[in-house]
Amino acid sequence: MNTRRKLVVGNWKMHGSRKGNAELLDGIAGARPFGCDVAVCPPFPYLAETAVALAGTDIRWGAQDCSAHEQGAYTGEVSAGMLQEFGCRYVIVGHSERRAYHGESDQLVADKAKAALARGVTPIVCVGETLAQREAGETADVVKRQLAAVIHTLAHCAGEIVVAYEPVWAIGTGRTATPEQAQAVHALLRAQLRAATGSRADEMKLLYGGSVKPDNARELFAQADIDGGLIGGASLKAADFVAICRAAG
Ligand code: PEP
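Remember, it's a predicted structure, so these values are computed and weren't measured experimentally. (Residues numbered from 1 in each chain as written. Predicted model: local features only at pLDDT ≥ 70, side-chain atom pairs only at ≥ 80, totals over all residues. Heavy atoms only, no water.)

Turning our attention to the site of the ligand. Taken together, 14 residues lie around the ligand, and Lys13, His95, Glu166, Gly172 and Ser211 are the ones closest in. A distance of 3.5 Å separates an oxygen atom of the ligand from a polar atom in the side chain of Asn11. Protein burial of the ligand: of its 290 Å² of free accessible surface, 97% is covered by the chains. Taken together, the residues that form the shell around the ligand break down as four nonpolar, eight polar and two charged. (Near = heavy atom within 4 Å. Polar contact = N/O pair within 3.5 Å; in protein donor to acceptor, adjacent residues only side chain to side chain. Areas by Shrake-Rupley, 256 points an atom, 1.4 Å probe, with all protein chains shown as cover. Nonpolar A, V, L, I, M, F, W, Y, C, P; charged D, E, K, R; others polar.)

As structure tokens, then:
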């Protein structure tokens, strides 16, 4: 276990309702204190209510995406400045579902990360390989290429991001990377960050995501370069999410 304070982030994806969210947030907030940093990322329309529900707690909130643009004629998009207005601490960018279903390129993801940082919102940059890429032995090349675009675009600010390694084959499938598989990729991502940011890389948070559950979280979080998790399905049930946060604390 390393000494960096862990971070656990819930990615609610396109789930939730006003009533259900209130119960979920109540359940999470009521289980404090956690020995780690905790955040939830609800869909955009629920950000304001989430901010109210979590006011006065140390639980933070964020969004699941943002525009690369500051403002303008971009129907359906939400800017980082808007997220900042709603108190977002984080924004997930480059989630594999956005890369796959919305054709987001490495450069667009990098531009979104830059737009977020410009507004003081920390981007959680997702990288990860597909099953076919892993089986072809391309994992290292793929994740390094995805991260390189962000490092290049952010230049001296690259040390301010959070990185989430999310193997696509482990997201929502119930199939988790083994702690050793995850650690191996985290170690090479941290080496890449160290080459770009120097010792700053040793303070950066690298999260693992992909079917993290209460029963596998502790072992994943015990790895030398895993600093917490980005949690999808298991973040929708307060008891499971709380158990994962406790495993990180
Ligand atoms: C995610 O979508 O970021 C994720 C990790 O999902 P799950 O935990 O459901 O695999």
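Turning our eyes to something else, we now look at the packing of helix α5 (residues 106-118) against helix α7 (residues 139-154). One can describe the packing of α5 onto α7 by two numbers: an axis separation of 8 Å at closest approach and a directional angle of 45 degrees. Classified by the angle their axes make, α5 and α7 are oblique. Handedness of the α5/α7 crossing: right-handed. Only Arg145, Gln146, Ala149, Val150, Thr153 and Leu154 of α7 make contact with α5, whose side of the interface consists of Asp106, Gln107, Ala110, Asp111, Ala113, Lys114 and Leu117. (Axes fitted to C-alpha atoms, helices over the stretch in contact; angles between N-to-C directions. Helix = DSSP H or I, 4+ residues; strand = E, 2+ residues; numbered from the N terminus. Parallel < 35°, antiparallel > 145°, perpendicular 65-115°, else oblique. Left-handed = near helix turned anticlockwise from the far one by under 90°. Contact = heavy atoms within 4.5 Å.)

Each regular strand displays side chains that alternate between the two surfaces of the sheet. Along strand β4 (residues 90-93), one buried face is formed by Tyr90 and Ile92 and the opposite face, lined by Val91 and Val93, is buried too. In the sheet, strand β3 (residues 60-63) pairs with β4 via two bridges, with the strands oriented parallel. Pairing of Gly62 across the sheet is with Tyr90, part of β4. Handedness of the β-α-β unit built from β3, helix α3 (residues 80-85) and β4 comes out right-handed. (Buried < 20%, exposed > 50% of the residue type's maximum accessible area, 1.4 Å probe, protein only. Pairing = 2+ DSSP bridges. Right-handed = clockwise from strand over helix to strand, strands pointing away.)

This model, assessed by the stated rule, comprises 20 salt bridges. A salt bridge links Arg134 to Glu129, with the shortest nitrogen-to-oxygen separation between them at 2.7 Å. The class for Glu129 is buried, based on a relative accessible area of 0%. Asp240 is the salt-bridge partner of Lys237, the closest N and O atoms lying 3.9 Å from each other. Overlapping salt bridges, with partners in common, bring together Arg4, Arg190, Asp225 and Asp227 in one network. (Salt bridge = Lys/Arg side-chain N within 4 Å of Asp/Glu carboxyl O.)

Below, the discussion takes up α7. Along its 16 residues, α7 runs 23 Å from first to last C-alpha, staying within 8% of the 22 Å computed at 1.5 Å per residue. Restricting attention to buried positions, one finds in α7 the residues Thr139, Val142, Val143, Gln146, Leu147, Ala149, Val150, Ile151, Thr153 and Leu154. In this structure, the buried residues of α7 make contact with α4 (96-101), α5, β5 (122-127), α6 (131-135), β6 (162-165) and α8 (179-197). Positioned one or two residues after α7, Ala155 has a phi angle of 50 degrees, which is positive. (Expected span 1.5 Å × (residues − 1).)

Glancing now at the side chain of Asp65. Mapped onto the elements, Asp65 comes out in the loop between β3 and α3. By relative accessible area, which is 11% here, Asp65 ends up buried. Polar contacts involving the side chain of Asp65 include one to the side chain of Arg98, which spans 3.2 Å. Not counting the four nearest positions on each side in its chain, Asp65 is found in contact with Phe44, Leu83, Val91, Ile92, Arg98, Glu104 and Lys112.

On to the sheet that holds strand β7 (residues 206-209). Read around the closed barrel, the eight strands follow the order β1-β2-β3-β4-β5-β6-β7-β8; overall the barrel is parallel. Ignoring which end each strand starts from, the neighbouring axes of this sheet average 25 degrees apart. Where β7 lies against strand β8 (residues 228-231), two bridges are found, and the strand directions are parallel. Across the sheet, residue Tyr208 finds its bridge partner in β8, namely Gly229.

To find the voids left in a structure, one rolls a probe of water-molecule size over its atoms. As a volume, the largest pocket reaches approximately 460 Å³. Taken together, 20 residues make up the lining of the largest pocket; nearest its centre are Phe44, Gln64, Asp65, Arg98 and His102. Looking at the lining of the largest pocket element by element, the count peaks at three residues for α4. Of the volumes computed, that of the second largest pocket is approximately 250 Å³. Around the second largest pocket, the lining is made up of 20 residues, and of these Ser96, Arg99, Gly128, Thr130 and Val168 lie nearest the centre. (1 Å grid on protein atoms, 1.4 Å probe; cavity = no way out; pocket = protein on both sides within 12 Å on 5 of 7 lines; lining within 4 Å. Points joined across faces, edges and corners; volume = space filled by probe spheres on them.)

The biggest cluster of nonpolar side chains holds 66 residues, and the ones touching the most others in it are Val8, Phe34, Ile161, Leu189, Tyr208 and Phe221. Counting residues in each nonpolar core, the second largest holds twelve residues, with Ala39, Ile124, Val162 and Leu207 among its members. (Core = buried A, V, L, I, M, F, W, Y, C linked by side-chain atoms within 4.5 Å.)

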